[in-house]
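# Observations on the model geometry
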Amino acid sequence: MVRLIVIFSLALLFFSCAPKEQPFDLIDRDQTCTIVLELGDYASVEAACAAYDSIDWFDADNRDDDICRQALAAIELQDYLSRIIGVPKQQIPIVDTAALPDSGHLVLLGSPQHDDLSSVRRQIKRAWRKHKSANDQALRIDSFYRHNYQGLVLSGRSSVAILYAVYELLNRWGVRWYAPDKNGEYVPHYAKIGIHNMHLYVEPSFRIRGFWMDAQRIDEPADSLFISWMGRNHLNLFSNLQDNIGALKQRGVLLNTGRTDVFLTLLRPEYQYRYNHPTFQGDEQYPMDPYIISEYFKGDTNRDDKLSYTEAHPEWFGIEADTSDHRRVAAGFSHICLSQPEAIREFVQTIVDKLCYGDWQTCDIIDLWTPEIWCTCEHCQRMGNDSDKLLYLMYHLNRALAAARKKETLQRRVFVHGYAQNSALDPPSIALPKDFATANSALFLFTGPRCFNHCIIDAKCIDINIWFAKNLWSWLGKKKLYDGDIYIAENYNASYFHNLPTLHSTVMSIDIQDFAELGVRGINFQHVRLRKGGVQVLTNYQFARQAWDAHVPTDTLKQEFFTLLYPAVSKTVADYMERLELALSTITTWCYYLPQRDYASLKGAASTGSGLIKMNERFVERTSDAIDFNSLWENTYHLIFEARFLMDELLAENVTEDVRRRIEELDEELQYAERMIHLYDNVISYFTRRPDEKYIKDEAIYRLNENMRRLRHYEIPEPMFGEANVLAASGIQDMLERLIEEEPK
Ligand SMILES: [Zn+2]
Ligand SMILES: [Zn+2]
């Protein structure tokens, strides 16, 4: 929770001999305000800020990082202040501490080091003593009033916190960063900024806030507009997409590997053994083999003159079948056997080496996603459940990281983020070792595939979300065995949405608050749209604001969003988005569960008996107390018509060029959503009617033929996940082709 502590001047007087604070104007149209910071050896603030691309963000020396980041903070503050007041930037000079003016109005970045401000320094020091939390993103904003100087001190536990303090201040003055495009921000205009007794302490609701991007599937790096938008909204997690790294680091963003498949890619059985095996000729150029010779070693069994990992150590590789025979390793099967300590050692060392010398040199976080299947050998089966296994691996990775830090081969702190999904969502069953590095780790619980028709904690969602909620409570409950941080990996733009214009504002408002109150300490979602966000501009913005302050009033936030981004048509746009949100809240049922259903059994059920087949939210014939998907789908169908009606109204409005561009973007998305919903409507109609409603089934097939003909060449606007054709992306193309083929027209 963001804590806001207002310390009254009376208390201040009691503790210090500083003069009582009087109201003052920090800046107005005629008066100068100076920004003061430490610039180190840099000749100017511009030079310090521009160093983001050349300094090493990953070495042991943080001083250059801090100066560069604070230089950005100063330049941002100067830029926005000059636009708020409407004065040239020269009226807001930025100076090094050594060049402190003799008197005047100041904004000090960091606790003041100059001797003339020693009483202010003591004031800030006293203020910080009250806060027990060690959160290095915690910040303070304090006003001071002295004889020669009046102003603000922006202080924090790190340079990132000081940068955040600038954005916190600007946000409180009414600046908004809605979208990462040219006119996506709002800057208010004032004649002056008055200050009186401003004393704030702010700590984010979630330590980690940002996006999980699949580094394998998304090859588009974030551009500088997006990176600025992230930083200004206090977001601090992104994937190491190998571009603009310096800009991301300057904004305080932590970079993860963005890979779900480390098991598959790091230590495959067929990869060449990277050591000089004592009995093998031809690998003498490699380092000495640190492992003992395997009792199963049979030499270069495939006679390709190379020694592979599986030839050197067949016992390291897991097996799918329930047998303890490690020698018959299926080609390409790559899950290491967890009960082989040397296999674990080699696996974590491969990760450490990649962090020190490979393409993860710019990573701050290693992601370990639970694989679909762990080794099923006898020994591994006795190692507990899937989350026990994930934590076991996290434990060993942390130890390897600590060892590399000690040897100084690894010069920076690297965090370990475990991602539990599916069966690994069950909480652990085995107590963790006492020396488990909890401070260096976090465990993400992945919500997908979740229901968006219900909140994550809602007793009514008996088919989908209830299972996740039960697990979440257990992970955070009194009897928990893992007491490190629990984070949430959300699914607001899941790949199975196929770029449909989904938004989840209502669900997010409640869920994110609930997460914070339950004790969740980090949150991310996959996969943020980097360009042409459409309706998801709201998702991204609301997410950013709630991740920083889970209790921000979202009603006001949205009202402001519509008013400022869609002036003159805000009410209609708000109505439009509400309809679309409701229409697509059923998406998990038809976009995720329906495509997974077996075609033959769906068709079989629909070809006997009479009456409507009632489905639940997993698109399975429902029991009496389940949610009635058929009615929900009817709503979806009608709501999309209402959305179209409102969109046509919007398109006819006389609006500014920016608003028109935004509306056209929404319209393009809506056209796609309409096509997809009409397509699915015929499929759902066909599979939920029995033979006594033959005319409805025939009608569905007739329309399906029409849909298919029109959609064969229709491309998704701005596809994020490779597939651009609507039919291919629908997830049910095979099902559709079969239906059309088997049913007479
Ligand atoms: Zn095993
Ligand atoms: Zn539900």
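Residues numbered from 1 in each chain as written. Chains lettered and ligands numbered in written order. Predicted model: local features only at pLDDT ≥ 70, side-chain atom pairs only at ≥ 80, totals over all residues. Heavy atoms only, no water.

## Points about the overall build of the protein
Counted only if it meets this: Secondary structure follows DSSP: runs of H or I at least 4 residues long count as helices, runs of E at least 2 residues long count as strands, and numbering of each begins at the N terminus. Each radius of gyration reported is based on C-alpha atoms, and the globular scaling rule is 2.2 Å times the count of residues to the power 0.38. The buried label applies to any residue whose accessible area, calculated with a 1.4 Å probe on protein chains only, is under 20% of its type's maximum; exposed applies above 50%, and partly exposed to all values in between. Contact criterion: two residues are considered in contact whenever any of their non-hydrogen atoms come within 4.5 Å of each other. Only the protein chains shown count as cover for residues, and all accessible areas are computed by the Shrake-Rupley method using a 1.4 Å probe. Charged residues are defined here as Lys and Arg on the positive side and Asp and Glu on the negative side; His and the ends of the chain fall outside this count. In plain terms, the charge of a residue is placed at NZ if it is Lys, CZ if Arg, CG if Asp and CD if Glu.
Scanning the protein for helices and strands turns up 24 helices and 18 strands. In terms of C-alpha radius of gyration, the protein reaches 29 Å, essentially the compact-globule figure of 27 Å for 745 residues. Its C-alpha atoms give the protein principal-axis dimensions of roughly 90 × 75 × 45 Å. Burial statistics for the protein: of 745 residues in total, 59% are counted as buried. Across the protein, contacts joining residues at least 24 apart in sequence account for 72% of those joining residues at least 6 apart. When the accessible surface of the protein is summed, it comes to about 31500 Å², and 50% of that surface belongs to carbon and sulfur atoms. Put simply, the protein has 80 plus and 104 minus side-chain charges, and the middle of one group is 5 Å from the middle of the other.

## Some details on the coordination of the zinc ion (ligand 2)
Note the cut-off: Sites may look incomplete, because water is not among the atoms used; the donor set itself consists of N, O and S atoms within 2.8 Å of the metal (3.2 Å for Na, K and Ca). Think of it this way: with four donors and all angles in the 85 to 135 degree range, the site is tetrahedral; with four or six donors, opposite ones beyond 155 degrees and the rest between 65 and 115, it is square planar or octahedral; otherwise it is irregular.
Looking at the zinc ion (ligand 2), the protein donor atoms are C451 (SG), H454 (ND1), C461 (SG) and E617 (OE), and they sit 2.1 to 2.3 Å from it. One way to put it: the 4 donor atoms around the zinc ion (ligand 2) meet at angles of 101 to 118°, and that makes the site tetrahedral. Here the donor residues of the zinc ion (ligand 2) are spaced in sequence according to C-x2-H-x6-C-x155-E. Highlighted residues: C451 in the loop between β16 (441-446) and α13 (465-476) and E617 in the loop between α19 (599-605) and α20 (629-651), separated in sequence by 166 residues. The pair formed by C451 and E617 is uniform in burial state, with each residue classed as buried.

## Focus: the pairing of strand β5 (residues 139-145)
This is how it is decided: Pairing between strands requires that DSSP locate at least two bridges from one strand to the other.
Of all the 7 residues making up β5, 7 are buried; the element is thus mostly covered by neighbouring parts of the structure. Covered by surrounding structure in β5 are L139, I141, S143 and Y145 together with R140, D142 and F144, the residues of both alternating faces. As paired elements, β5 and strand β6 (residues 149-156) share 7 bridges and run antiparallel to each other. Paired with R140 across the bridge in β6 is S155. Where β5 hands over to β6, the hairpin turn is made up of 3 residues, counted between the paired strands. One ladder, built from 4 bridges, connects β5 with strand β10 (residues 199-202); its direction is antiparallel.

## Re the coordination of the zinc ion (ligand 1)
Those protein atoms acting as donors to the zinc ion (ligand 1) are C337 (SG), C375 (SG), C377 (SG) and C380 (SG), and they sit at 2.2 to 2.3 Å. Coordination geometry of the zinc ion (ligand 1): the 4 donor atoms subtend angles of 107 to 115° at the metal centre, consistent with an arrangement described as tetrahedral. Between consecutive donor residues of the zinc ion (ligand 1), the sequence gaps follow C-x37-C-x1-C-x2-C. Of the two residues, C337 is situated in the loop between α9 (309-312) and α10 (341-357) and C380 in helix α11 (residues 378-381); the sequence distance between them amounts to 43 residues. The pair C337 / C380 is uniform in exposure class, with both members buried.

## What about the environment of D305?
Its location among the elements puts D305 in the loop between α8 (262-266) and α9. Exposure remark for D305: the relative accessible area of 65% places this residue in the exposed category. Separated by 41 residues in the primary sequence, D305 and L264 place their C-alpha atoms 24 Å from one another. Not counting the four nearest positions on each side in its chain, D305 is found in contact with F280 and D300.

## Comments concerning the packing of aromatic side chains
Quick note on the threshold: Pairing of aromatic side chains requires ring centres within 6.5 Å, counting the rings of Phe and Tyr and the six-membered ring of Trp. Pairs whose planes differ by under 30 degrees are stacked, by over 60 edge-to-face, and all others tilted. The criterion for a charge sitting over a ring is simple: Lys NZ or Arg CZ within 6 Å of the ring centre, and within 35 degrees of the ring normal.
Taken as a whole, this structure holds 44 aromatic pairs when the rule is applied. Judged by centre distance (4.9 Å) and plane angle (90°), the rings of Y592 and Y593 are edge-to-face. Exposure remark for Y593: the relative accessible area of 5% places this residue in the buried category. Ring-pair connections join several aromatic residues into one group, and the members of that group are F211, F226, W229, F238, F452, Y492, Y496, F497, F525, F543, Y592 and Y593. Here the basic side chain of K354 rests over the ring of W360, its NZ or CZ set 4.9 Å away from the ring centre. The ring of Y686 has K697 lying over it, and the distance from NZ or CZ to the ring centre is 4.3 Å.

## Points about the domain arrangement of the protein
This is how it is decided: Those domain boundaries reflect an automatic or database domain assignment.
Segmentation of the protein into domains returns domain 1 (9-203), domain 2 (209-563) and domain 3 (570-742). Computed from C-alpha atoms alone, the centre-to-centre distance between domain 1 and domain 3 is 51 Å.

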